[in-house]
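Working through the structure, step by step
Spelled out, the chains give:
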2 protein chains.
Amino acid sequence: MVSIKDIAKQAGVSISTVSYALNGSPKVTYETTSRILAIAKALNYVPNAAARSLKTRETKIIGVFLTDFSGAFYGDLLQGTRETLTQKGYDLIVCSGKQSHRMLPERMIDGAIILDQTFGSDEMISYADRGHKLVVLDRELSHPNINQVLLDNKAGAMLATEYLIEQGHRTLYAVTGPSGSYDSKQRLQAVMQVVERTSGVTLTVIEGDFNKSAGERAAASIMADTNGGTVSSAVFCFNDEMAIGMFNYLAGNHPEVRIGEQIHIVGFDNIELASYTQPRLTTIDYSKRKWGAFAAEQLIKLINGDTVDHERIYVTLLKGNSVGAGK
Amino acid sequence: MVSIKDIAKQAGVSISTVSYALNGSPKVTYETTSRILAIAKALNYVPNAAARSLKTRETKIIGVFLTDFSGAFYGDLLQGTRETLTQKGYDLIVCSGKQSHRMLPERMIDGAIILDQTFGSDEMISYADRGHKLVVLDRELSHPNINQVLLDNKAGAMLATEYLIEQGHRTLYAVTGPSGSYDSKQRLQAVMQVVERTSGVTLTVIEGDFNKSAGERAAASIMADTNGGTVSSAVFCFNDEMAIGMFNYLAGNHPEVRIGEQIHIVGFDNIELASYTQPRLTTIDYSKRKWGAFAAEQLIKLINGDTVDHERIYVTLLKGNSVGAGK
DNA sequence: TTGTAAGCGTTATCAT
DNA sequence: ATGATAACGCTTACAA
């Protein structure tokens, strides 16, 4: 491995001069600087990150922590994050799994953006207490070193529920996320709020887990409830994944039940797949890229010691054909 | 930041004893070890990655480099990689973009798995020359420090082409990837080989780029060619993404043309979306998880100085309903 | 303008 | 069984 020491030797100067030169310090003559740069290039010199960050106590790398790499959902978010970070002079790495948590306390990254239910809040707080900077995307967490960038879940859930009611539906179902999910809790609260202030509406809550299989199970249960779709029903799945599971189940087991006629379905997230369902899924849309970009921005501010308010990502109702008018 | 120095002071021992104790060396008494461990925990001690890897010259982290984070395609691959790496005591980070290339030469990672067309082969070779270990998933590269784990592109392309011919189709189209793509080149070669040894088959090659839009353009061009689908045609899209672009274009612009009847389509990759197309896309399938796992395994072997042969991922034809019999 | 030297937090060799 | 100490490659006062 070639180090600044080797360059110094070659150039006949001291290592500090080399260091200054490499970092473009004006303290070194243009002449020596360019000579040193030339030698560095000739020797194929590459700085050693470990040595540098041992000294500077920063790595210029931000970590994004996800539950898994299933991607479909995260692509745009990461793209948005990366763009912003690049522009601020930071690099981005994506991590998943308990093992990789160490990257933050061990200082391999300068900060973390977290969208990972399995990441403990207490764990995060203990990191924050030690001075590490975090942005959370999936929970509320109050700490000077933690910022939140959250979806406007309540607005989304209200939009969805009100739309179903507006369309004349009175037999509502809500398929939730896993019990620990902040997003799911928020959505359910909003749904109940809307239902409570509307008379004549019945709501059945079905516990799900944000996976396709939960959507299938929910569909089965609803079919049992509604006499095989004879009674019309309107379902708000708390994410698109489950809505699609529901589509699949119905297509496979009840081909006679038509979505948007006997059963009406709304999702949440507007994932890519949602635009390929037949009929097109009605869902809650928001800019995943902006979400990622905001998170990055907030994190950099935290790192720079700027004050930051929590951010909120606004959502809209995207009307597809999976919801029709109630009779 | 609390360091082993602090622990040493508290415990009234030297830093070397602390270091040994923390690393579970048998040189230190069980007594002192447990005392030191207790103090470390009490002080909330976390080792500093930079300092350690400055000394040990390793980070126990592997980087996977992708063209982008669009995920849909990479989820399983990364999952497979991560499982294998975890088992071998390594962590995984996912990187994308030119910026992040520095991680390898700067020794922030112990090795790299590369599936990124934009990563220069010459760049990789220069890294390999300096002793860095790489596994490439998207090109052939001969170097003692580089291993390849490649798809069996030829087999896949042959399966697809032969199937189309077998089904009685004679007017074939091939929609390729971008000109630089190794996978695309391999597939095209195999297609041509099959076509050349079969009489009465005409092949038209349409240049694509692995994106949906290329599939749309190709569809338009084929429609023009075949008098709006009046003449039957059979298309091998070199990936599913383009095949789906083709589905979209046809659904939007030629609803009267039925896939699997007037036009027959085969894809490559069997991405998740492929199972949602109507009709189900016929495609070339392979285990993405196994691909990732192999790559990880090979890389660890390289790092350990073991000898490694190149690996190959086998593929199969997955029959959907997007190809029917030719008349 | 350039050099000297201390120090970042570890590991590991050599003494004791 | 434990301690002193050098070293890893770099940054940065401070001195010259």
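Residues numbered from 1 in each chain as written. Chains lettered and ligands numbered in written order. Predicted model: local features only at pLDDT ≥ 70, side-chain atom pairs only at ≥ 80, totals over all residues. Heavy atoms only, no water.

As named in an unreviewed UniProt entry, chain A is LacI family transcriptional regulator, taken from Paenibacillus antri.

A look at the pattern of salt bridges
We apply this condition: The rule for a salt bridge is simple: a side-chain nitrogen of Lys or Arg has to be within 4 Å of a carboxyl oxygen of Asp or Glu. Each residue gets one of three labels from its accessible area relative to the maximum for its type: buried under 20%, exposed over 50%, partly exposed in between, using a 1.4 Å probe on protein chains only. Numbering of helices and strands runs from the N terminus; a helix is a DSSP stretch of H or I covering at least four residues, while a strand is a stretch of E covering at least two.
With the rule as written, the count across this model stands at 20 salt bridges over all chains. Between Asp209 of chain A and Arg217 of chain A there is a salt bridge, and its shortest N-O distance comes to 3.9 Å. Overall, Asp209 of chain A belongs to the partly exposed group, its relative accessible area being 25%. Among the salt bridges present, the one from Lys98 of chain B reaches Glu123 of chain B, with a minimum N-O distance of 3.5 Å. With Lys98 of chain B in the loop between β2 (91-96) and β3 (111-115) and Glu123 of chain B in helix α6 (residues 121-129), this residue pair connects regions lying 25 residues apart in the sequence. Overall, Glu123 of chain B belongs to the buried group, its relative accessible area being 16%. Salt bridges here are not isolated pairs; linked through shared partners, they connect Asp91 of chain A together with Arg102 and Glu106 of chain B.

Points about the sheet that holds strand β6 (residues 171-175) of chain A
Residue and element names in this part refer to chain A. Test applied: Whether two strands pair depends on DSSP finding at least two bridges between them. Axis angles are defined between N-to-C directions and span 0 to 180 degrees, where every axis is a line fitted to C-alpha atoms and, for a helix, only to the segment in contact.
Ordered in space as β7-β6-β8-β9, the 4 strands form an open sheet in which the pairing is parallel. Edge positions in the sheet fall to β7 (202-206) and β9 (263-266), since each has one partner strand and no second. On average, each strand axis in the sheet is inclined to that of its neighbour by 20°, with strand direction left out of account. In the sheet, strand β8 (residues 233-237) pairs with β9 via 4 bridges, with the strands oriented parallel. Within the sheet, the bridge partner assigned to Ala234 lies in β9 and is His264.

A closer look at the packing of helix α5 (residues 75-87) of chain B against helix α11 (residues 288-303) of chain B
Residue and element names in this part refer to chain B. Stated precisely, the cut-off is as follows: Between 65 and 115 degrees an angle is taken as roughly perpendicular, under 35 as roughly parallel, over 145 as roughly antiparallel, and anywhere else as oblique. Handedness of a crossing follows from how the near helix is turned relative to the far one, being left-handed for an anticlockwise turn of less than a right angle and right-handed for a clockwise one. In this description, contact between two residues means that some pair of their heavy atoms is separated by no more than 4.5 Å. Only Asp, Glu, Lys and Arg are considered charged, only Ala, Val, Leu, Ile, Met, Phe, Trp, Tyr, Cys and Pro nonpolar, and every remaining residue, Gly among them, polar.
Where α5 meets α11, the axes come as close as 6 Å, and the angle between the chain directions of the two elements is 40°. Judged on the interaxial angle alone, α11 and α5 are oblique. The two elements α5 and α11 cross, and the hand of that crossing is right-handed. Together, Asp76, Leu77, Gln79, Gly80, Thr81, Glu83, Thr84 and Leu85 of α5 and Lys288, Arg289, Trp291, Gly292, Ala293, Ala296, Glu297 and Ile300 of α11 make up the contact between the two elements. Broken down by class, the residue content of the contact of α5 with α11 amounts to 6 nonpolar, 5 polar and 5 charged.

Points about the nonpolar core
The following threshold applies: Nonpolar cores are built from buried Ala, Val, Leu, Ile, Met, Phe, Trp, Tyr and Cys residues. Side-chain atoms within 4.5 Å join them into one set.
If you look at the biggest cluster of nonpolar residues, it comprises 148 residues, and the most contacted ones within it are Met246, Ile265 and Trp291 of chain A together with Met246, Ile265 and Trp291 of chain B. For Met246 of chain B, the contacting residues outside a window of four places in its chain are Val175, Gly215, Glu216, Ala218, Ala219, Ile222, Val235, Cys237 and Ile265 of chain B.

Re the protein's contact with DNA strand D
Using the following cut-off: The rule for a residue being near a molecule or strand is that one of its heavy atoms must lie within 4 Å of it. Pairing of N or O atoms within 3.5 Å defines a polar contact, subject to two protein rules: one partner must be a possible hydrogen donor and the other a possible acceptor, and residues neighboring in sequence count only if both atoms are side-chain atoms.
The local shell around DNA strand D holds 31 residues, among which Ile4 and Tyr45 of chain A together with Thr17, Thr29 and Arg57 of chain B are the closest. Backbone atoms, meaning sugar plus phosphate, form 57% of the atoms of DNA strand D positioned within 4 Å of the protein. Contact between DNA strand D and Tyr20 of chain A: a base nitrogen at 3.1 Å from a side-chain N or O atom of the residue. If you list the elements that add at least two residues to the surface near DNA strand D, you get α1 (4-11), α2 (15-22) and α4 (49-56) of chain A together with α2 (15-22) and α4 (49-56) of chain B. Of the residues assigned to the surface near DNA strand D, the class counts are 12 nonpolar, 12 polar and 7 charged.

Some remarks on the sheet that holds strand β9 (residues 263-266) of chain B
All names here are of chain B. The parallel open sheet is built from 4 strands, whose spatial order is β7-β6-β8-β9. Two strands in the sheet have a free side with no partner beyond their single neighbour: β7 (202-206) and β9. Averaged over neighbouring strand pairs, the angle between their axes works out to 20° when direction is ignored. Where strand β6 (residues 171-175) and β7 come together, 5 bridges link them in parallel fashion. Each residue of the ladder has a partner; that of Ala174, found in β7, is Val205. Across the sheet, helix α10 (residues 240-253) lies against β6, β8 (233-237) and β9, angled at about 155° from β9, the strand it touches most.

Details of the UniProt feature "domain: HTH lacI-type" (unreviewed entry) in chain A
Applicable threshold: UniProt positions are given in the numbering used here, feature names are shortened, and annotations may be inferred rather than shown by experiment.
When the UniProt feature table is mapped onto this chain, "domain: HTH lacI-type" (unreviewed entry) is found at residues 2-56 of chain A. Counted over residues 2-56 of chain A, helix gives 67% and strand 0%. Its end C-alpha atoms are 20 Å apart.

Things to note about the interface of chain B and chain A
Our working rule: Values labelled buried area give the accessible surface lost by two parts on being combined, using a 1.4 Å probe and summing over both.
Tallying the contact residues gives 47 residues for chain B and 47 residues for chain A. Buried area between chain B and chain A, summed over both chains or domains, comes out near 4000 Å², and the portion from carbon and sulfur atoms is 60%. At the boundary of chain B with chain A, the tally comes to 4 salt bridges. Between Glu272 of chain B and Lys212 of chain A there is a salt bridge; the shortest N-O distance is 2.4 Å. Across the chain B-chain A interface, the total number found is 12 residue pairs in polar contact (both at pLDDT 80 or more). Sorting the residues of the side of chain B that touches chain A by element identifies α4, α5, β2 and α10 of chain B as the ones contributing at least two each. Among the residues forming the side of chain B that touches chain A, the class breakdown is 21 nonpolar, 14 polar and 12 charged.

Describing the packing of aromatic side chains
As a reminder, the rule being used: Stacked, tilted and edge-to-face are the three classes applied to pairs of Phe, Tyr and Trp rings, where Trp contributes its six-membered ring and a pair requires centres within 6.5 Å; stacked means planes under 30 degrees apart, edge-to-face means over 60, and tilted covers the rest. Any Lys NZ or Arg CZ that is within 6 Å of a ring centre and within 35 degrees of that ring's normal is treated as a charge sitting over the ring.
Counted under the stated rule, the structure contains 11 aromatic pairs over all chains. Measuring from centroid to centroid gives 6.5 Å for Phe119 of chain A and Tyr127 of chain A, while their planes differ by 80°, and the two rings are edge-to-face. For the pair Phe268 of chain B and Tyr286 of chain B, a centre-to-centre distance of 6.3 Å together with 50° between the ring planes defines the contact as tilted. Residue Phe268 of chain B is located in the loop between β9 and β10 (283-285), and its partner Tyr286 of chain B is located in the loop between β10 and α11; the two are separated by 18 residues in the primary sequence. For the residue pair Phe268 of chain B and Tyr286 of chain B, the accessibility class agrees, reading buried in each case. One aromatic cluster is present, built from ring pairs that chain together Phe236, Phe238, Phe268, Tyr286 and Trp291 of chain A. The ring of Phe268 of chain B has Arg187 of chain B sitting right over it, with the charged end atom 3.6 Å from the ring centre. Sitting over the face of the ring of Tyr286 of chain B, Lys288 of chain B holds its NZ or CZ atom 4.6 Å from the ring centroid.

Focus: the protein's contact with DNA strand C
Ser16, Thr17, Thr29 and Arg57 of chain A together with Tyr20 of chain B are the nearest of the 31 residues found near DNA strand C. Those atoms of DNA strand C that come within 4 Å of the protein belong to sugar or phosphate at a rate of 57%. For DNA strand C, a phosphate oxygen lies 2.7 Å from a polar atom in the side chain of Tyr45 of chain B. One of the backbone nitrogen or oxygen atoms of Ala51 of chain B is found 3.3 Å away from a base nitrogen of DNA strand C.

Observations concerning the domain arrangement of chain A
For clarity, the cut-off: Throughout, the edges of the domains are those of an automatic or database domain assignment.
Under the domain assignment used here, chain A contains domain 1 (4-47), domain 2 (57-152 + 288-314) and domain 3 (153-285). Once you take the C-alpha centre of each, domain 1 of chain A and domain 3 of chain A turn out to be 64 Å apart.

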